[in-house]
Amino acid sequence: MAAIETRSLTKRFGDVVAVRDLDLTVEEGEVYGFLGPNGAGKSTTINLLLDFMRPSEGSATVLGHDAQAESRTVRERIGILPEGFSLYDRLTGREHLSFTVDAKDADDDPDALLEQVGLSAEDAERRVGGYSKGMTQRLALGCALVGDPDLLILDEPSSGLDPNGVSEMRDIIRSQADRGTAVFFSSHILSQVEAVCDRVAIMQAGELVAVDTIDGLRQANGGGARMTLTVDAVPDLDFTDVPGVTDATVDGNRITLSLADDGAKAPAINHVENAGVRLTDIETSESSLEDLFTTYTSGSDARRVEEEVDA
Amino acid sequence: MSWSVVARKDFEDAARSKMLWAITALFVVFTAGTVYAFDRIMEQTATTALQTLTLPAGLVIPITALVVAYLAIAGERETGSIKLLLGLPHTRRDVMVGKLVGRAGTVVVATVVAFAVTTAVLVGLYGTVPLVEYLLLTLLTALFSAVFVGIAVGISAATATRSRAMAAAVGVFVVFQILWDYVPMGIYYLIEGSIPTGGPLPPWYFLAVILNPKNAYSTASALFLPESLTGSMAERVAGEVPFYLQDWFALGILIAWLVVPVALGYVRFERADLG
C-alpha cells in the first residue's frame, strides 16, 4: 500500500489549471521531496491530499484511503504542516499540543514533543500570539508529530527557520523516517531536499516533469562531477584520449574538466602530472540539485552553481 | 465525539477571553433591569413581569449572538488556523457542529444566568415566581439565542473572509431589527395600493410579521404566557385565524430558523476550497 497515490489528479480554478493530470506515488516509509518554483502547484496538490480542496478530476488516496471520502480516517493517521496556516493566538504552546492530543485521541507527552522540536518549557507556557515565525513553525511541527503518524505531509517546513532550525528540522525528518514514517515535503530550497530525500519529484506549471532519486536525476542529465586543477604552468594538453573526460577548458592557470564519473579523476590527474607540471590545487564539485532543478524548470541549459567539496 | 472537542475549545475560548462574562453581565442588566423598570412605571404581577422579559431578550440577544458567532469559521479561514483544525481528525461537519454548540453554549449560558438573576428580582418584588412558565420561557429564550447563533455560524461558514462575514451579519441585524417592520406594510401597499389602517388585515400580513424570528419568539411565548402579539393579532385578522397564525406555528418558524441557515452554510462550507 502506498503512502500517497494520485491518479490523473487535476485542479482548475476557473480557466487556470493549477495541477494537471498528476500521477504520483509515494511509498510507505519513504522520504519524498516535492520540488518546484513558487506557483508550480505544490501547495494545491497538498491541499488536495488534505481535502482542503476538491479535485476537478482524478483522485487521490492517502495511506490507502480516499482523500475525500475517508478524510477523517486519513487525518487520524497523518501529521501535517500546511502552507499559510496560523495558530490560535490566545492559546499557549502547551494548550495547542493538548488540544491536538485530545483531537487525535493520542497519549503523547507534551513535554517530550516540545523537546523534540526545540521549544523550552517557558516557551510552552506563553501564548503563541507572541511567537516568532520559527517558533510557530516548531510548534506546528510538534502538533504534526502527535499520535505517531504513519505519514507526515509538510508544506515548506523550513520557511521561517534560521539555519540552525533548518538543520534541526532535517534531523527530525530523518528520525521520523528511521521510525518508518513516510515523509512527503515540498520545498523550493533545494539543498534541504537533497540532504534528506530518498526520491524527489519536480513540478513545473502544474505538471510533474521528473521523478527520480537524486543520483538518478544526476545521471539522467549527464551530470557527473567536475574537477578544477590549478597548475604552476599550463601545459599543452589534449584530454580526448583520457577515458571519462568529456570536456576541458583552460582559464589562466586553471584547467576545468567535466567528468562522466568519479573514476575519471585519477587518470585525468595522472595525465596532467605526466606532462611535467606541478599541481597546486585540486577542487571537485558535483553538479548540484540546483543545476538539475534549473534544467527542469527553466527549460534552458543548466546554470551551474558550484558546491565546493574538499579534494 | 470529534465535534465536542471543537465545541469545548470554543466555549473555553469564550470564557478565557472574558467574552462570556461580559455578555452575561450585559444580559443581567437588561433582563433584571427591565423587570425592575416595568415595576416602577406600571402595575405588574409576577406573570406579566415575566412577559416583559421577551422585550429585552428580543433586543439584546440577536446582536450579541451575531457578534459572538459571525467569525466562528470565517475568522479561522482568514487567518489560516482552520487548516490546523481541519488537519486534525475533524470533518467539516464536526467543525460546523462544534462551533454551533460552543458558541450557542456561550450565549445560552449567559441567557440562563441572566434569567436566574431575574428570578431573584421577581421574588424580591412579588414574593413569588410562576415556576413552570418561568422555566418554559427560559427554554424558549435559549432556543431564540441558538437561532441567532445558528444564523451567524451559517453566515460564517458561507463566507471566506472576516469582512464579508461582518457585512452579512450587519445585514441580518438591520433586516430583522429595523427593516422587517416595513416588510408587511410594503407588501400590503404593493397589493392593496394603500397603507394598512387600524381595520382588520389579511392573515398573510401577520404571517409576514412572525416570519421574523424575533416576532416568532414573542408569539411563541403565548403558548404558556397569557398574552402576546398573537392575542392582539387574532382580534385584527380579517376572517378565520388560519393555522399558520397559531402560537405553535411560531415555534415551528423559530425551529426552521435554527435549522435552515446552518444547513445552507454547511452546504457552502462543505464545497468550499480552503486556500
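Residues numbered from 1 in each chain as written. Chains lettered and ligands numbered in written order. Predicted model: local features only at pLDDT ≥ 70, side-chain atom pairs only at ≥ 80, totals over all residues. Heavy atoms only, no water.

**Here we look at the overall build of chain A**
And step 1. Looking only at helices and strands, chain A has eleven helices and 14 strands in total.
And step 2. Judged by the C-alpha coordinates and their principal axes, chain A covers about 75 × 45 × 35 Å.
And step 3. Burial status across chain A gives 49% buried among its 311 residues.
And step 4. For chain A, restricting intrachain contacts to residue pairs at least 6 apart in sequence, the fraction spanning at least 24 positions comes to 68%.
And step 5. Summed over its atoms, the accessible surface of chain A is roughly 13700 Å², and 43% of this surface lies on carbon and sulfur atoms.
And step 6. For chain A, the distance from the average position of its 27 positive side-chain charges to the average position of its 57 negative side-chain charges is 6 Å. (Helix = DSSP H or I, 4+ residues; strand = E, 2+ residues; numbered from the N terminus. Buried < 20%, exposed > 50% of the residue type's maximum accessible area, 1.4 Å probe, protein only. Contact = heavy atoms within 4.5 Å. Areas by Shrake-Rupley, 256 points an atom, 1.4 Å probe, with all protein chains shown as cover. Lys, Arg positive; Asp, Glu negative; His and termini not counted. Charge placed at Lys NZ, Arg CZ, Asp CG, Glu CD.)

**Observations concerning the packing of helix 8 (residues 131–158) of chain B against helix 14 (residues 247–271) of chain B**
When two helices pack together, their arrangement is given by the angle between the helix axes and by the axis-to-axis distance.
Residues and elements named next belong to chain B.
And step 1. Interaxial distance between helix 8 and helix 14 falls to 8 Å at its minimum, and their mutual angle equals 20°. As summarised for this structure, helix 8 and helix 14 are arranged roughly parallel, according to the angle between their axes. Crossing hand, helix 8 versus helix 14: left-handed. Contact residues: Leu140, Leu143, Phe144, Ala146, Val147, Gly150, Ile151, Gly154, Ala157 and Ala158 in helix 8; Leu251, Leu254, Ile255, Trp257, Leu258, Pro261, Val262, Gly265, Arg268 and Phe269 in helix 14.
And step 2. Per-class residue counts for the contact of helix 8 with helix 14 are 16 nonpolar, three polar and one charged. (Axes fitted to C-alpha atoms, helices over the stretch in contact; angles between N-to-C directions. Parallel < 35°, antiparallel > 145°, perpendicular 65-115°, else oblique. Left-handed = near helix turned anticlockwise from the far one by under 90°. Nonpolar A, V, L, I, M, F, W, Y, C, P; charged D, E, K, R; others polar.)

**A few points about unusual backbone geometry**
And step 1. We note that Leu63 of chain A has phi near 50°; this positive angle belongs to a residue other than glycine.
And step 2. Assignment of secondary structure puts Leu63 of chain A in the loop between strand 4 (57–62) and strand 5 (65–66).
And step 3. The phi dihedral of Lys18 of chain B is positive, around 70°, even though this residue is not glycine.
And step 4. Relative to the helices and strands, Lys18 of chain B resides in the loop between helix 1 (2–16) and helix 2 (19–41).
And step 5. Owing to a relative accessible area of 54%, Lys18 of chain B belongs among the exposed residues under this scheme.

**Concerning the environment of Tyr131 of chain A**
All names here are of chain A.
And step 1. Here Tyr131 lies in the loop between helix 5 (121–125) and helix 6 (133–144).
And step 2. Here Tyr131 falls in the buried class, since its relative accessible area comes to 9%.
And step 3. Taking the C-alpha atoms as reference, Tyr131 lies 51 Å from Ile255; in sequence the two are 124 residues apart.
And step 4. Those residues in contact with Tyr131 that lie beyond four places of it in its chain are Gly93, Asp123, Ala124, Arg126, Thr136 and Leu139.

**Quick look at the environment of Val267 of chain B**
And step 1. Among the structural elements, Val267 of chain B can be located in helix 14.
And step 2. Taking the C-alpha atoms as reference points, Val267 of chain B and Leu139 of chain B, separated by 128 residues in sequence, lie 28 Å from one another.

**Re a nonpolar patch on the surface**
And step 1. A grouping of Val175, Ile178, Leu179, Tyr182, Val183, Met185, Ile187, Tyr189, Leu190, Ile191 and Ile195 of chain B is seen on the molecular surface, where their side chains present a nonpolar patch of about 1000 Å² in accessible area.
And step 2. Looking at the nonpolar patch element by element, the count peaks at six residues for helix 10 (residues 183–192) of chain B. (Patch = residues over 30% accessible without salt bridge, like charges linked within 9 Å, V, L, I, M, F, W, Y side chains within 5 Å. Salt bridge = Lys/Arg side-chain N within 4 Å of Asp/Glu carboxyl O.)

**A word on the side chain of Glu76 of chain B**
And step 1. Tracing the sequence through the fold places Glu76 of chain B in helix 5 (residues 74–79).
And step 2. Residue class for Glu76 of chain B comes out buried when judged on its relative accessible area of 7%.
And step 3. At 2.7 Å, the side chain of Glu76 of chain B and the side chain of Tyr88 of chain A are in polar contact.
And step 4. Filtering out sequence-adjacent residues up to four positions away, Glu76 of chain B remains in contact with Tyr88 of chain A together with Leu71, Ser81, Ile82, Leu85 and Lys99 of chain B. (Polar contact = N/O pair within 3.5 Å; in protein donor to acceptor, adjacent residues only side chain to side chain.)

**Here's the deal with the pattern of salt bridges**
And step 1. Enumeration according to the criterion identifies 27 salt bridges over all chains in this entry.
And step 2. When the shortest N-O distance is used, the salt bridge between Arg126 of chain A and Asp123 of chain A registers 3.9 Å.
And step 3. Classification of Arg126 of chain A by relative accessible area gives partly exposed; the value is 37%.
And step 4. The salt bridge partner of Asp10 of chain B is Arg103 of chain B, with a shortest N-O separation of 2.5 Å. Of this pair, Asp10 of chain B sits in helix 1 while Arg103 of chain B is found in helix 7 (residues 92–126), placing the two residues 93 residues apart along the sequence.

**Things to note about the sheet that holds strand 4 of chain A**
All names here are of chain A.
And step 1. Taking strand neighbours across the sheet as the criterion, the four strands line up as 2-1-4-5 in an open arrangement whose pairing is antiparallel. Edge positions in the sheet fall to strand 2 (16–26) and strand 5, since each of these pairs with one other strand and no more.
And step 2. Relative to strand 4, strand 1 (residues 4–13) runs antiparallel, the two being bridged by five bridges. Its bridge partner being in strand 4, Glu5 is matched across the sheet by Thr61.
And step 3. Packed on one face of the sheet, helix 1 (residues 42–49) meets strand 1, strand 2 and strand 4 and runs near 115° to strand 1. (Pairing = 2+ DSSP bridges.)

**A few points about the interface of chain B and chain A**
And step 1. Taken together, the contact between chain B and chain A spans 28 residues of the former and 26 residues of the latter.
And step 2. Contact between chain B and chain A buries roughly 2600 Å² in total, counting both sides, with carbon and sulfur atoms accounting for 57%.
And step 3. Of all residues in chain B, Lys83, Leu84 and Pro89 of chain B bury the most surface against chain A, accounting for 25% of the area lost on that side.
And step 4. Put simply, chain B and chain A have five salt bridges between them.
And step 5. Close ionic contact of Arg8 of chain B with Asp102 of chain A constitutes a salt bridge, the shortest N to O distance being 2.8 Å.
And step 6. Among the secondary structure elements, those contributing two or more residues to the side of chain B that touches chain A are helix 1, helix 5, helix 6 (81–87), helix 7 and helix 14 of chain B. (Buried area = accessible area lost by both parts, 1.4 Å probe.)

**So, the confidence of the model for chain B**
Residues and elements named next belong to chain B.
And step 1. For chain B, per-residue confidence averages 90 on the pLDDT scale, and 97% of positions sit at 70 or higher.
And step 2. The least confident element of chain B, judged by mean pLDDT, is helix 13 (residues 229–236) at 64; the most confident is helix 9 (residues 162–177) at 96.
And step 3. Taken over the whole predicted complex, pTM reads 0.83, whereas the ipTM for its chain interfaces reads 0.84. (pLDDT = per-residue confidence, 0-100.)

**Description of the nonpolar core**
Nonpolar side chains in soluble globular proteins tend to be buried together.
And step 1. Counting residues in hydrophobic clusters, the biggest one holds 110 residues, and the most contacted among them are Ile78, Leu151, Ile153 and Phe184 of chain A together with Ile73, Phe148 and Phe269 of chain B.
And step 2. Among the elements that take part in this core, helix 8 of chain B stands out by supplying 14 residues, more than any other.
And step 3. Once you skip the residues sitting within four places of it in the chain, Ile153 of chain A turns out to touch Ile4, Ile46, Leu49, Leu50, Ile78, Gly79, Ile80, Leu81 and Phe184 of chain A.
And step 4. Core analysis: the second largest hydrophobic core is formed by 43 residues, Val117, Leu119, Leu154 and Val193 of chain A among them. (Core = buried A, V, L, I, M, F, W, Y, C linked by side-chain atoms within 4.5 Å.)

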